[in-house]
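Listed below, chain by chain, are the residues.
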Amino acid sequence: MSAPADPISVLIVDDDALVRAGLSMILGGAPDIALAGEAADGDEVPAMVARHRPDIVLMDIRMPKLDGLEATERLRAAPRPPEVVILTTFHADVQVLRALRAGAAGFLLKDTPPGDLVEAIRRVAAGEPILSPIVTRQLIDHVADPWAGDRRSRARELLDRLSEREREVALAVGRGGSNAEIGAELFMSVATVKAHVSRVLTKLELNNRVQIALTVHDAGHV
């Protein structure tokens, strides 16, 4: 019999004690999730991450000392960072989009049903997307971006670095496909899809598949 997998370790960062308590209760009830700790502000995150080495950080955007955006940027720039999932009240938020561009793996509304929250944590831990193409498109469309033209040119230059097969995988990621769905669509094994995604991340100098999806959207291909 194989040994049970290690639980998914999660750090909760929110300045609202009631929100932290609610999230702790929800996640604590999942047998495959372990709470690494709680922080009340972004400035507490580096020390907590260094001490507990969580797999995932649930990060509020608006906090009094250091906001979730800057905390995410600092965290994702460090070696071997945990995944970051943004907690927000409004999905059409410029801060959320900036956090995704900084390397967050996705975002969740604070009123997300408990079962959906737990499933989202599991998907992030498995390297799968939690943002649907529709939500990503809505977010980009609803947030004014004065640099959209520059982003489009830059995104197209980046995608030109890819081989034809890598580009097909990148576009499929942009449509929100899981590794299994992309494999079925492109007649590849899941292992081959993962290898292509890894090469795309390296060539484009990106952190995760959300940033691949944003690059594809910026280029106007979705």
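You'll find the structure just up there.
Reference entry: report on the structure contained in this document. (Residues numbered from 1 in each chain as written. Predicted model: local features only at pLDDT ≥ 70, side-chain atom pairs only at ≥ 80, totals over all residues. Heavy atoms only, no water.)

### Digging into the overall build of the chain
Condition: The secondary structure listing takes helices from DSSP runs of H or I that are at least 4 residues long and strands from runs of E that are at least 2 residues long, numbered from the N terminus. Partly exposed residues are those whose accessible area sits between 20% and 50% of the maximum for their type, while under 20% is buried and over 50% is exposed, using a 1.4 Å probe and protein chains only. By definition, residues are in contact when any of their heavy atoms lie within 4.5 Å. Per-residue and other accessible areas were derived by the Shrake-Rupley procedure at a 1.4 Å probe size, with only the shown protein chains allowed to occlude residues.
From N to C terminus, the chain includes 11 helices and 5 strands. By the burial criterion, 47% of the 222 residues in the chain qualify as buried. Look at the contacts in the chain between residues 6 or more apart in sequence, and 66% of them connect residues 24 or more apart. Just so you have it, the chain exposes about 11,100 Å², and 55% of that area is on carbon and sulfur atoms.

### Considering the sheet that holds strand E1 (residues 8-13)
Keep this limit in mind: A pair of strands is labelled paired if DSSP reports no fewer than 2 bridges between them. Here an angle of 0 to 180 degrees is reported between the N-to-C directions of two axes, which are lines fitted to C-alpha atoms, with helices fitted over the stretch in contact.
Strand order in the open sheet made by the 5 strands is E2-E1-E3-E4-E5, with parallel pairing throughout. Since the sheet does not close on itself, it has two edges, and those belong to strand E2 (33-39) and strand E5 (106-109), each with one partner. On average, each strand axis in the sheet is tilted by 25 degrees relative to the strand beside it, whichever way the strands run. Note: strand E4 (residues 83-88) against E5, 4 bridges, orientation parallel. Bridged to Ile86 within E5 is Phe107.

### What about helix H8 (residues 164-174)?
Glu166, Val169, Ala170, Ala172, Val173 and Gly174 are the residues of H8 that are buried. A positive phi of about 90 degrees marks Gly176, the residue just after H8.

### Thoughts on the side chain of Asn208
Convention followed: Side-chain atoms alone can form a polar contact between residues adjacent in sequence; in general such a contact is a pair of N or O atoms within 3.5 Å, and within protein one must be able to donate a hydrogen while the other accepts it.
Locating Asn208 in the fold gives a position in the loop between helix H10 (190-204) and helix H11 (209-218). On the accessibility criterion, Asn208 (6% relative accessible area) is buried. Only 2.6 Å separates the side chain of Asn208 from the backbone oxygen of Gly103, close enough to count as a polar contact. Discounting chain neighbours no more than four positions away, the residues touching Asn208 are Arg76, Glu83, Gly103, Ala104, Ala105 and Leu201.

### Focus on the pairing of E4
For E4, the tally of buried residues reaches 5 of 6 residues, placing the bulk of the element in the interior. Bridging between strand E3 (residues 56-60) and E4 involves 5 bridges; their strand directions are parallel. Bridge pairing links Met59 to Ile86 in E4.

### Things to note about unusual backbone geometry
The phi dihedral of Arg80 falls on the positive side, at around 45 degrees, and the residue is not glycine. Following the sequence through the fold, Arg80 ends up in the loop between helix H3 (68-77) and E4. Even without a glycine there, the phi angle at Phe187 is positive, about 60 degrees. Within the fold, Phe187 resides in the loop between helix H9 (179-186) and H10. Among the residues examined, Phe187 registers a relative accessible area of 77% and is labelled exposed.

### Here we look at the packing of H3 against helix H4 (residues 94-102)
As a reminder, the rule being used: Each angle gets one of four labels, with under 35 degrees taken as roughly parallel, over 145 as roughly antiparallel, 65 to 115 as roughly perpendicular, and the rest as oblique.
Across the interface, H3 lies against H4 with an axial gap of 9 Å and an inter-helix angle of 5 degrees. Here H3 is positioned roughly parallel relative to H4, judged by the angle of their axes. For the pair H3 and H4, contact is made by Leu69, Thr72, Glu73 and Arg76 and by Gln95, Arg98, Ala99 and Ala102, respectively.

### With respect to the pairing of E1
Let me state the cut-off plainly: Crossover handedness is defined by viewing with both strands directed away from the observer: a clockwise path from the first strand over the helix to the second marks the crossover as right-handed.
Most of E1 sits out of view: 6 of its 6 residues are buried. Of the two faces of E1, the one holding Ile8, Val10 and Ile12 and the one holding Ser9, Leu11 and Val13 are both buried throughout. Bridge count between E1 and E2: 6 bridges; the pairing is parallel. Along E2, the bridge assignment pairs Val13 with Ala39. You can see the chain leave E1, run along helix H1 (residues 17-28) and come back into E2, and the turn it takes is right-handed. When E1 meets E3, the two strands line up parallel, connected through 4 bridges. Paired with Val10 across the two strands is Ile56, which belongs to E3.

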